[in-house]
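Each chain, written out:
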Amino acid sequence: MLVRDHIADRLREAAAQAQRDGTLPPFDLPASGLVERPQKAEHGDFASGLPLRAAKAARRSPMEIASALANAIAPDGDGGPVGEVYAAPPGFVNFRLSAGWLRGQARAIREAGAAFGDVDAGAGRRVQVEFVSVNPTGPVHVGHARGAVLGSALARTLAAAGFEVTREYYVNDAGAQMDLFYRSVFARYAQALGKEAPLPEDGYRGAYLTELGAELAERHGSRYLEADEAKAKAELGEEALNRMLDVIRADLDSIGVEFDVWFRERDLYADGRYEETMAFLRERGHTSRRDGAEWFASSALGDEKDNVIVRGTGAPTYFASDIAYHRDKFGRRGFDRVINVWGADHQGHVPRMKAVMRALELDPDRLTILIAQLVTLKDGEDIVRASKRTGRIITLGGLVDEVGADACRFFFLARAAESQMEFDLELAKKQSADNPVYYVQYAHARIAGILRQAAERGAVWDDADAALLTDDAELALIRKMLQLPEVVDSIAVTLAPHALPHYAVELATAFHWFYDHCRVLSSDPADAELTKARLLLTDAARIALSRALGLMGMSAPEAM
RNA sequence: GCCCCAGUAGCUCAGGUGGAUAGAGCGGCUGCCUUCUAAGCAGCGGGCCACAGGUUCGAAUCCUGUCUGGGGCGCCA
């Protein structure tokens, strides 16, 4: 259980007790937000503003209530987290963690090891995080980097929070876009064989397709020029698609983004799931025919307007398969919850997906769509918006090559998804040493250095006496480490992983401060026990810091 | 025109389900390496939290309006 929740429970008990014995009149307690982290350390480790809120209903002054509550809560001593409890004007109940208990947490963290930071907020519920899902018609470019990093860090954190997480990439391998891609590939393929073959109007013009065409020409010769069109499309198209997916996978891999499932849109059509969903909608009157097309009546379910699902030509729109896809997520796939990470250019589709949920008779709250605002890329004076429509494409792989995967991840993660962000390439490259990412990683490298030298000296700290950890810097470090589970728990609610990099910086600061104040390794025999205790603490810090870095998908370097 | 997101220090951004004196990094200025990595530490300076109202014991935080910036409003995806 989180320390915060333990303290909230103690406060609730105290309030109930005081109300039973008449010390305090009856008043309602808020369901959440009972206990918070005060901004100032002098206000304790935790604080509750309950008395201020309850004063009116209780018809007592906030300070009277605060005193009554504080008096009703007995400290835990060294065995539990609750140390000093006191009332503070204008009406707070402040809690200070027990120093004895705090010291013991150094060992507890070390024993938790890689599981430190885990919480059980998810209780094993199944959640799918679908992200990136770029059309497989070209390489991943920078515009997708933010969503990629956001989704992967969120998935990692939700797993730590006790959810069973599936990371999924939706491969749009059906539809008009794919057809255009295939015709573009075929043109490049034919051109590579010296044939006059114009690229389709609005075809894909990237150099990568010229290369792919040449590659296919080399491998297959002119075989597909003569072949039956359908056969050529099926075989050459599939090969081209798989090559693109390889490129995409490699790009994403370079920034540490991986998926459990690569879901093929085509499969929805192949085995009848698409038709089933359409039948479901039609039976319930959610569709109508107008102007030769079939429409989904989303306006009746909260959207601004209706949307076409089957064109006049008879071809389904992307939206139609998306409906079938989402029905599949909750139905056949059985996810309790689905999180889609989309770019700002898709925000208009949120209301219609919510309408889809209602039409499918699913609770709309089970689907969360996170919208990441667009990134402005700055390269010195040049500003280039990282949107799909921009002519200047910078690939994700190129960005990683220039800036490095860790720095990229940290930069993208440090900003709240709903904030637009500026990514200065020049700065990221030039001042990489000043980047906070190195500040955090440097703390880990320092820890690794100490532990390495300790091991060389044959030091063992399993039997360390944590009671020797009495310095302010030591206790501050333990306090900061203990916040990690709270951060994980909170991200499970807010779905905002940008708390991670901010926490990581604070944790690194706490360690650097400890490093400066407290010498760990000492050759003086008189310090033997203290050295052991500090090695235990340093080891715990290694665990907390590497976990924080791991949740962000960043490396924890042994040396820098 | 309608809808979504944002506006906090010179710059980039946290804080936002209301709480105590609004924070960090970068940049600027001062100090600190005989001992575990100075990619570090300590300190100084820097704010009408866009603006105007409202709710409240209390507003950067919630509500309304205005302004500014970004995005969206296709039988594209």
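Residues numbered from 1 in each chain as written. Chains lettered and ligands numbered in written order. Predicted model: local features only at pLDDT ≥ 70, side-chain atom pairs only at ≥ 80, totals over all residues. Heavy atoms only, no water.

What exactly am I supposed to notice about the domain arrangement of chain A here?
The figure often quoted for interface size is the accessible area lost as the parts come together. When cut into domains, chain A gives domain 1 (3–97), domain 2 (126–171 + 259–372), domain 3 (176–253) and domain 4 (433–551). For domain 2 and domain 4, the distance between their C-alpha centroids amounts to 42 Å. Counting from both sides, the interface comprises 13 residues of domain 2 and, opposite them, nine residues of domain 4. Both sides together, the interface formed by domain 2 and domain 4 hides about 900 Å², and carbon and sulfur atoms give 76% of it. At the junction of domain 2 with domain 4, the criterion picks out zero salt bridges. On the surface where domain 2 and domain 4 come into contact, there are one residue pair in polar contact (both at pLDDT 80 or more). For the side of domain 2 that touches domain 4, the secondary-structure elements that each account for two or more residues are helix H5 (145–160), strand E10 (337–343) and strand E11 (367–372). (Domains from an automatic or database assignment. Contact = heavy atoms within 4.5 Å. Buried area = accessible area lost by both parts, 1.4 Å probe. Salt bridge = Lys/Arg side-chain N within 4 Å of Asp/Glu carboxyl O. Polar contact = N/O pair within 3.5 Å; in protein donor to acceptor, adjacent residues only side chain to side chain. Helix = DSSP H or I, 4+ residues; strand = E, 2+ residues; numbered from the N terminus.)

Explanation requested: the nonpolar core in the structure shown.
The nonpolar side chains of a soluble globular protein tend to be buried with one another. The biggest cluster of nonpolar side chains holds 148 residues, and the ones touching the most others in it are Leu252, Phe423 and Met481. Those residues within four positions of Met481 in sequence are excluded, and the remaining contacts are Ile109, Phe116, Tyr503, Leu507, Leu537, Ala540, Ala541 and Ala544. In terms of nonpolar packing, the next biggest core, distinct from the first, is built from 32 residues, Tyr170, Phe335, Val350 and Leu367 among them. (Core = buried A, V, L, I, M, F, W, Y, C linked by side-chain atoms within 4.5 Å. Buried < 20%, exposed > 50% of the residue type's maximum accessible area, 1.4 Å probe, protein only.)

Please explain the protein's contact with RNA strand B as it appears in this structure.
Taken together, the neighbourhood of RNA strand B is formed by 63 residues, with Phe92, Asp291, His349, Glu418 and Tyr442 sitting nearest. If you look at RNA strand B and keep only atoms within 4 Å of the protein, 66% of those are sugar or phosphate atoms. Between His43 and RNA strand B, the recorded distance is 3.5 Å, taken from a side-chain N or O atom to a base nitrogen. Asn135 places a polar side-chain atom, nitrogen or oxygen, 2.5 Å from a sugar or linking oxygen of RNA strand B. Elements with a contribution of two residues or more to the surface near RNA strand B: helix H2 (50–58), strand E3 (92–97), strand E14 (421–424), helix H17 (436–456) and helix H20 (499–517). Per element, the largest residue contribution to the surface near RNA strand B is eight residues, and it comes from H17. (Near = heavy atom within 4 Å.)

I keep staring at the sheet that holds E11 and nothing clicks. Help me out?
As summarised here, the arrangement of the five strands in space is E6-E5-E4-E10-E11, forming an open sheet in which the pairing is parallel. Of all the strands in the sheet, just strand E6 (261–264) and E11 have a single pairing partner and so form its edges. Adjacent strand axes in the sheet meet at a mean angle of 25° when their direction is disregarded. In this sheet, strand E5 (residues 164–171) lies alongside strand E4 (residues 126–130) in parallel orientation, the contact comprising five bridges. (Pairing = 2+ DSSP bridges. Axes fitted to C-alpha atoms, helices over the stretch in contact; angles between N-to-C directions.)

What is the right way to read the side chain of Asp45 from this model?
Within the secondary structure, Asp45 is located in the loop between helix H1 (3–20) and strand E1 (46–48). On the accessibility criterion, Asp45 (8% relative accessible area) is buried. Among the polar contacts made by the side chain of Asp45, one reaches the side chain of Arg479 at a distance of 2.6 Å. Those residues in contact with Asp45, other than ones at most four positions away along the chain, are Glu36, Arg37, Pro38, Phe95, Arg96, Leu97 and Arg479.

Quick question: what am I supposed to make of the pattern of salt bridges here?
Evaluated as defined, the whole model comprises 41 salt bridges. When the shortest N-O distance is used, the salt bridge between Arg219 and Glu239 registers 2.3 Å. Separated by 20 residues along the polypeptide, Arg219 in helix H7 (residues 207–220) and Glu239 in helix H9 (residues 229–254) bring together distant segments of the chain. Classification of Arg219 as partly exposed rests on a relative accessible area of 46%. Glu239 gets classed as buried once you look at its relative accessible area, which sits at 18%. One salt bridge connects Arg290 with Asp306, and the closest N-O pair in it is separated by 2.9 Å. One end of the pair, Arg290, is in strand E7 (residues 287–290); the other, Asp306, is in the loop between strand E8 (293–296) and strand E9 (307–310), with 16 residues separating them in the sequence. Taking the relative accessible area as the measure of exposure, Arg290 reaches 35% and is therefore partly exposed. In this structure Asp306 comes out as buried when scored by relative accessible area, which is 17%.

Sorry if this is basic, but what is going on with the packing of aromatic side chains here?
Each aromatic ring pair is specified by the distance between its two centres and by the angle formed by the two planes. The final tally for this structure, using the stated rule, is 17 aromatic pairs. Each ring, one from Phe186 and one from Tyr189, has its centre 5.7 Å from the other, and the planes form 50°; the classification is tilted. Placement of the pair is Phe186 and Tyr189 together in helix H6 (residues 176–192), with a separation of three residues, close to one helical turn. Taking relative accessible area as the criterion, Phe186 reaches 23% and is therefore assigned partly exposed. By relative accessible area, Tyr189 is classed as buried at 0%. Here the aromatic rings of Phe259 and Trp262 are separated by 5.4 Å at their centres, their planes lie at 70°, and the arrangement is edge-to-face. Given the relative accessible area of 23%, Trp262 is considered partly exposed. (Phe/Tyr/Trp six-rings, centres within 6.5 Å; stacked < 30°, edge-to-face > 60°.)

How should I be thinking about the packing of H6 against H9 in this particular structure?
The description of two packed helices rests on the angle between their axes and on the distance between the axes. Contact pair H6 / H9: the axes reach a minimum separation of 9 Å and the direction vectors enclose 95°. One way to sum up the angle between H6 and H9 is to call them roughly perpendicular. Residue-level inspection shows Met178, Asp179, Phe181, Tyr182, Val185, Phe186 and Tyr189 of H6 in contact with H9, the latter providing Glu229, Ala232, Lys233, Leu236, Gly237, Ala240, Leu241 and Met244. Its residues assigned to classes, the contact of H6 with H9 shows 11 nonpolar, one polar and three charged. (Parallel < 35°, antiparallel > 145°, perpendicular 65-115°, else oblique. Nonpolar A, V, L, I, M, F, W, Y, C, P; charged D, E, K, R; others polar.)

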